[in-house]
Amino acid sequence: MQWKKPFTKLAATLALAMGFVSSATTVSAEKLGYPEKEELTFGFIKLTDMAPIAIAYEKGFFEDEGLYVTIEAQANWKVLLDGVIDGRLDGAHMLAGQPIAATMGFGTKADIITPFSMDLNGNGITVSNAIWEEMKPNIPKMADGRPVHPIKADALKPVVEKYKADGKPFNMGMVFPVSTHNYELRYWLAAGGIHPGYYAPHKGDISGQIDADALLSVTPPPQMPATLEAGTIYGYCVGEPWNQQAVFKDIGVPVVTDYEIWKDNPEKVFGITREFAEKYPNTTVRVTRALIRAAMWLDENNNANRPEAVKILSQSNYVGADYEVIANSMTGTFEYEKGDKREVPDFNVFFRYNATYPYYSDAIWYLTQMRRWGQISEDKPDDWYKELAAKVYRPDIYEAAAKSLIAEKLAKAEQFPDFATEDGFRDPQTHFIDGIVYNGKEPNQYIDKFSIGLKSGQKL
Amino acid sequence: MNTTSVNAGKLYGFRLPQLDSGLVGSAIRLVALPLVGILAFLLLWSVTAQNIDTSLGKFPGPAAVLEQFDALYSEHQRSREKEQAFYERQEERNAKRVAEDPSYEPRIRAYTGKETFIDQIVTSLVTVMSGFLLAVVIAVPLGIATGLSKTLNSAVNPIVQIFKPVSPLAWLPLVTMVVSALYTTPDPIVAKSFLNSMITVTLCCLWPMVINTAVGVAGIDSDLVNVSKVLRLPALRHVQKIVLPASVPMIFTGMRLSLGVAWMVLIAAEMLAQNPGLGKFVWDEFQNGSSDSLARIMAAVLVIGFIGFLLDRGMLAMQKLVSWDNSAAQ
């Protein structure tokens, strides 16, 4: 390798000189400055979709930006959010609903923004072995005897009704009141005619169990399998690897993935306080750049880097579950019932399909679900939804990061949405399990389409 | 040393007649019997472990735990190598930036990697000792004061009795909230999490020391007190020359009790609050739920036990060193 040295040195000098020339010729405001804050601490929950943060650290993308980042696992979503709000954490892997709910004031009130959407899909709904046995007769079979997918909650409905008739509460776990998992589980249940219960914050009821057939409660992700095993809950909705863990431990069966509930649904976001973004603008853009590069790396060459990513994630300081468990879903397959492994190439999407761009329409979908289940107790005009989404989701920061990556030839323009014409709304989404179409520009009209759920004008 | 072997003899409570002669007998008692005990335990452990099936696989036996000790150590080595590389990269980057931007004052940032098992052990030890020392500083003077004055004792006693049985887990949320409310410097010298653990430890190991010191001080031989009265020693001299030397054995008994409490409290507090240390290590491994997790937790359990044992022995040695009255040091 010795012979290479002079060349690399020369190349570096040239690059430096060119950089100097270009920065001298263009307006100085366009060149991204050094980070104002170099030492940062980011929080995460042990889930595979924290991967962009781990990869940005391990692959040196943070350091390339001059950032020295410490990554800390958090006990649960509440601790994580409080950490970001009180400044113990500079940023964190968050549930998409968290920045929105915090800005709105449902739960803790704080101005949290997101310049970067972390991934699409990645969750599943698992039921215990006993419930699965009761569900199985209600599910149509394919020629080879395996159940037809996607499995709808219609198959679960008779089971829930039986429990209800016996006076036994049908308990299920989700990870946080404003988590994607809560809305996905509710969506799936309601699509099968099972009422997941309303919230009524104006009456002080935030348990979300009013009129419920299935009682949903909060359990931190890593404790889901243990809680299921203990019989406290009969099923749960959680991110990976905790569905695959249930298969490996032989305690439950994942019945449906969120990919089947809503194809390519937005999942986690990277959350920071608005104050942080205003105080440290260069740092914010640089963090976003590092995360975009990590997401690109994760999806590069048709998931070629995934096995390496799984190896990193299985380290005890990141997700820490066994390699095989994490690999099951990260490398494009998903094991439902033991032995029933199916191809789901898009189970975890980190960059394709503009996964990292913070779309307003994604934020609005979560808002519609908050309204549907009563977390937003009163009617709001369509404009309110758009304004709130624009407050929380910050494509402007994303755009600055992406453009500077393009300028430095670290990314290509065609890998991103066309910034000149992008308005932040995805085209109407048609891939829901119940066939209902979602158009982010008309939230109120969307809410009225559901048979179970609050409609415009309704208040508990 | 004599006392120990006599005590040990009393403790075992039986004597094998043909072996009970001098050196052979005491060698067996001191070395062979504990060894037999440990071997029997290991055997029992590995046999039972094989028969317990958890959802994370078989319960780890001694071999699996030994393997994890090895793995943890090599993880530590690897982490140190990464740290080295981190600092080298940083220096390069700083040099480059200074070249581009001469006004920049380069600073070396601390390694951002994860603490290893060994780092966690060190953190726990530092935390427990700081919490314990803080408790000593508060408890000994308080104990002396309450021991000397019956009035003060009656006033303080109810409070001590109420707080003594409180579990650390009850203190922790309060400590956490108070620390984050009061400790708000922009550039803190020590981490909040360290303060939380330390103060919780202090609160829990304060009481045995206060009580023991007070009892020791109150029970000073009246002859000694009378001597002090005859000599008309001023209050401070009285404490220094009579009270302290006379009550040192009891004070150290209290300290030894407290240190044991402190170590147990610390692990629980670290687990609950996710503060760095061995408790966090155990909790993290539990959350990971990998097939090695149980063996790693078991490794941590052994280390926690061993350190607790060493702390106790250390305090015992100190207690013996300062005791003129051997009856207190058992």
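On a predicted model such as this, the values are computed, not experimentally measured, just so you know.

Novice: How do you make sense of helix α8 (residues 222-231) of chain B when you look at a structure like this?
Specialist: For the α-helix, the turn length of 3.6 residues means that residues three or four positions removed from each other point alike. Taken across its ten residues, α8(B) has zero buried, putting it largely on the surface. Once α8(B) ends, the next one or two residues include Arg232(B), with phi positive near 50°.

Novice: Even after reading the chapter, I still don't get the domain arrangement of chain B, so can you show me in this structure?
Specialist: How big an interface is tends to be expressed through the accessible area that disappears when the partners come together. Residues and elements named next belong to chain B. Each domain of chain B was delimited in the assignment, giving domain 1 (24-114) and domain 2 (115-328). Using only C-alpha atoms to locate each centre, domain 1 and domain 2 end up separated by 27 Å. Counting residues at the interface gives 15 residues for domain 1 and 14 residues for domain 2. Here the element with the most residues in the side of domain 1 that touches domain 2 is helix α3 (residues 62-100); it accounts for nine residues. For the side of domain 1 that touches domain 2, the class distribution of residues is seven nonpolar, five polar and three charged.

Novice: Can you help me understand the sheet that holds strand β2 (residues 68-73) of chain A in this one?
Specialist: In sheet architecture, strand pairing relies on hydrogen bonds along the backbone and comes in two forms, parallel and antiparallel. Residues and elements named next belong to chain A. Taken in spatial order, the five strands make up an open sheet running β2-β1-β3-β12-β4, and their pairing is mixed. Each edge of the open sheet is held by one strand with a lone partner, namely β2 and β4 (112-117). Each strand of the sheet is rotated relative to its neighbour by a mean of 35°, with strand direction disregarded. Direction of pairing for strand β3 (residues 91-95) relative to strand β12 (residues 268-273): antiparallel, over a ladder of four bridges. Considered in β12, the bridge of His 93 is made with Phe 270. Against the sheet, helix α2 (residues 51-58) touches β1 (39-44), β2 and β3, its axis set at about 140° to β2.

Novice: Just checking my understanding: could you explain the sheet that holds strand β9 (residues 214-218) of chain A for this structure?
Specialist: Residue and element names in this part refer to chain A. Spatially, five strands are ordered β9-β6-β10-β5-β11 in an open sheet, and the strand pairing comes out mixed. Sheet topology places β9 and β11 (252-257) at the edges, where each strand pairs with a single neighbour. Looking at each pair of strands side by side, their axes are set apart by 25° on average, direction ignored. When strand β6 (residues 170-174) meets β9, the two strands line up parallel, connected through five bridges. Bridging across to β9, Gly 173 finds its partner in Ser 217. With respect to the sheet, helix α8 (residues 180-191) is in contact with β5 (123-128), β6, β9, β10 (235-239) and β11, its orientation differing from that of β5 by roughly 65°.

Novice: Sorry, what's going on with helix α7 (residues 192-218) of chain B here?
Specialist: With 27 residues, α7(B) extends 38 Å from end C-alpha to end C-alpha; this agrees with the ideal 39 Å at 1.5 Å per step. Most of α7(B) is tucked away, with 24 of its 27 residues classed as buried.

Novice: Just checking my understanding: could you explain the pairing of β12(A) for this structure?
Specialist: Look at any regular strand and the pattern is simple: side chains alternate between the two faces of the sheet. Residue and element names in this part refer to chain A. Here β12 lies mainly inside the structure; six of its six residues are buried. Residues of β12 alternate between two faces, with Lys 268, Phe 270 and Ile 272 on one and Val 269, Gly 271 and Thr 273 on the opposite face, all of them buried. By the bridge criterion, four bridges tie β4 to β12 in an arrangement that is antiparallel. Residue pairing in the sheet places Ser 117 in a bridge with Val 269 of β12.

Procedures and definitions
- Residues numbered from 1 in each chain as written.
- Chains lettered and ligands numbered in written order.
- Predicted model: local features only at pLDDT ≥ 70, side-chain atom pairs only at ≥ 80, totals over all residues.
- Buried ≥ 20, exposed ≤ 12 C-beta atoms within 10 Å, placed from the backbone.
- Helix = DSSP H or I, 4+ residues; strand = E, 2+ residues; numbered from the N terminus.
- Domains from an automatic or database assignment.
- Contact = placed C-beta atoms within 7 Å.
- Nonpolar A, V, L, I, M, F, W, Y, C, P; charged D, E, K, R; others polar.
- Pairing = 2+ DSSP bridges.
- Axes fitted to C-alpha atoms, helices over the stretch in contact; angles between N-to-C directions.
- Expected span 1.5 Å × (residues − 1).

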